[in-house]
Amino acid sequence: METLINSTSIGNIIITAGSVILLLVLIKLFAWEQLTGIFTAREEKIANDVDGAEAARKEAEALAAKRQEELAGARTEATQIIDDAKETGKIQEVKILAEAREEASRLKAKANQDIEQSKAEALSSVKGDVADLTVLLAEKIMTANLDKEAQSNLIDSYLDKLGDA
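Residues numbered from 1 in each chain as written. Predicted model: local features only at pLDDT ≥ 70, side-chain atom pairs only at ≥ 80, totals over all residues. Heavy atoms only, no water.

Draft legend 1. Broad picture of the overall build of the chain. Secondary structure assignment for the chain yields 2 helices and 0 strands. Counting the 165 residues in the chain, one finds 1% classified as buried. Roughly 14500 Å² of accessible area belongs to the chain as shown, and the carbon and sulfur atoms make up 62% of that amount. (Helix = DSSP H or I, 4+ residues; strand = E, 2+ residues; numbered from the N terminus. Buried < 20%, exposed > 50% of the residue type's maximum accessible area, 1.4 Å probe, protein only. Areas by Shrake-Rupley, 256 points an atom, 1.4 Å probe, with all protein chains shown as cover.)

Draft legend 2. Geometry of the pattern of salt bridges. Scanning the model with the defined rule gives 5 salt bridges in all. Put simply, D114 and K110 hold a salt bridge, and the shortest N to O gap is 4.0 Å. Placement of the pair is D114 and K110 together in helix α1 (residues 2–143), with a separation of 4 residues, close to one helical turn. D114 sits in the partly exposed class, given a relative accessible area of 35%. K110 gets classed as partly exposed once you look at its relative accessible area, which sits at 44%. (Salt bridge = Lys/Arg side-chain N within 4 Å of Asp/Glu carboxyl O.)

Draft legend 3. Here's a closer look at a nonpolar patch on the surface. A grouping of I21, L22, V25, L26, L29 and F30 is seen on the molecular surface, where their side chains present a nonpolar patch of about 630 Å² in accessible area. Its place among the elements puts L26 in helix α1. Under the relative-accessibility criterion, L26 is labelled partly exposed at 37%. (Patch = residues over 30% accessible without salt bridge, like charges linked within 9 Å, V, L, I, M, F, W, Y side chains within 5 Å.)

All quantities given are derived from atomic positions and should not be read as evidence of function.
Here's what the structure looks like:
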């Protein structure tokens, strides 16, 4: 029996080894290129995915850098706009103040002119009043026969009244 077991075992080993070799030969003839093609395609796909991910990462970094640069540019532009607005405001302030001073000066000159005109009118009115008073005084002097001392007193009192007016 021992021989039977040994011979069966050896026979099984030979049949199994032959089957494995036959299977390897059949795989090599019919399926090996397809299997290696699948592995090669998978390897290429993985390499392409890695390269694509690396390219996407670089593009994302470039976009982030560009965004930072544009943000810095926008800040610079905003600062420039603010500075320009401040400068324009100062120029407007100076212009408005100059116009206000000019307007005040013009109003002051007009007021002085009005004062001078009123003064001239008042002086003219006073001259008219003086002329009227002079005529009245002359009438009084003519109607009254006065001696020299009375006439002198009348003229002095008239001049005193003119000084008070």
